[in-house]
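# Inside the fold
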Amino acid sequence: WRAPVTIYLSNFMSQVIIIALFTEFLTVPPNPTSRLAGMEVFLIIFFCSSAFTELVQICIDGVWSYMGTFWNWLDLAAIFAFWIGMSYRLKCMNGSCEGQHAWSYHQNSGIQGPPIESFSAQFYSVALFCLYTRLL
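Now for a quick tour of the structure. For clarity, every value in this text was computed on a predicted model and none was experimentally measured.

## Section: the overall build of the protein chain
Regarding its fold elements, the protein chain presents five helices and zero strands. Order of helices (α) and strands (β) in the protein chain, N terminus to C terminus: α-α-α-α-α. In the protein chain, which comprises 136 residues, the share counted as buried stands at 32%. The long-range share in the protein chain, meaning contacts at least 24 apart out of those at least 6 apart in sequence, stands at 71%.

Spelled out as structure tokens, the structure:
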């Protein structure tokens, strides 16, 4: 189980599964004021474990060595983008998004541009892009 090929293939398969689930989640967005869905909870657990893994890697390699690798920057960008998107999602769950559905525009408020819940989708998309790039 510790052979490099086995480790690589298991990491590759887990990344493919996460990307597929994340893509499905972005394709069918939840109602922004609803509770967290099962897939969101799964993504939260994944990104918590990814953040912990990156923290351990920073402690082992040292900050400067860790920051010298492009792939680590992608990992950090994905983690931060996801958590920023989740913070917008949680803000909408608290009722501060006026109950608008995600990926829609304000119709009655006169604001030009997307409502706050679409910001979560945009940050999730950045995280997904980083995960796709990391898979390459």
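On we go.
## Thoughts on a nonpolar patch on the surface
Nonpolar side chains collect at one region of the surface, where V5, Y8, L9, F12, M13 and V16 lie side by side and expose about 560 Å² of accessible area between them. Mapped onto the fold, V5 is located in helix α1 (residues 4-27).

## Observations regarding the side chain of E54
Inspection of the secondary structure assignment puts E54 in helix α2 (residues 38-61). A distance of 2.3 Å separates the side chain of E54 from the side chain of Y66, its partner in a polar contact. With residues up to four places along the chain from it excluded, the contact list for E54 reads Y66, N72, D75, L76 and I79.

## What about the nonpolar core?
Formed by 20 residues in total, the largest nonpolar core has its most connected members in F22, F47, F82, Y124 and L131. The greatest single-element share of this core, amounting to six residues, is contributed by helix α4 (residues 70-93). Residue contacts for F22: discarding those within four places in its chain leaves L43, F47, F82, Y124, A127, L128 and L131.

Conventions we followed
- Residues numbered from 1 in each chain as written.
- Predicted model: local features only at pLDDT ≥ 70, side-chain atom pairs only at ≥ 80, totals over all residues.
- Heavy atoms only, no water.
- Helix = DSSP H or I, 4+ residues; strand = E, 2+ residues; numbered from the N terminus.
- Buried < 20%, exposed > 50% of the residue type's maximum accessible area, 1.4 Å probe, protein only.
- Contact = heavy atoms within 4.5 Å.
- Patch = residues over 30% accessible without salt bridge, like charges linked within 9 Å, V, L, I, M, F, W, Y side chains within 5 Å.
- Areas by Shrake-Rupley, 256 points an atom, 1.4 Å probe, with all protein chains shown as cover.
- Salt bridge = Lys/Arg side-chain N within 4 Å of Asp/Glu carboxyl O.
- Polar contact = N/O pair within 3.5 Å; in protein donor to acceptor, adjacent residues only side chain to side chain.
- Core = buried A, V, L, I, M, F, W, Y, C linked by side-chain atoms within 4.5 Å.

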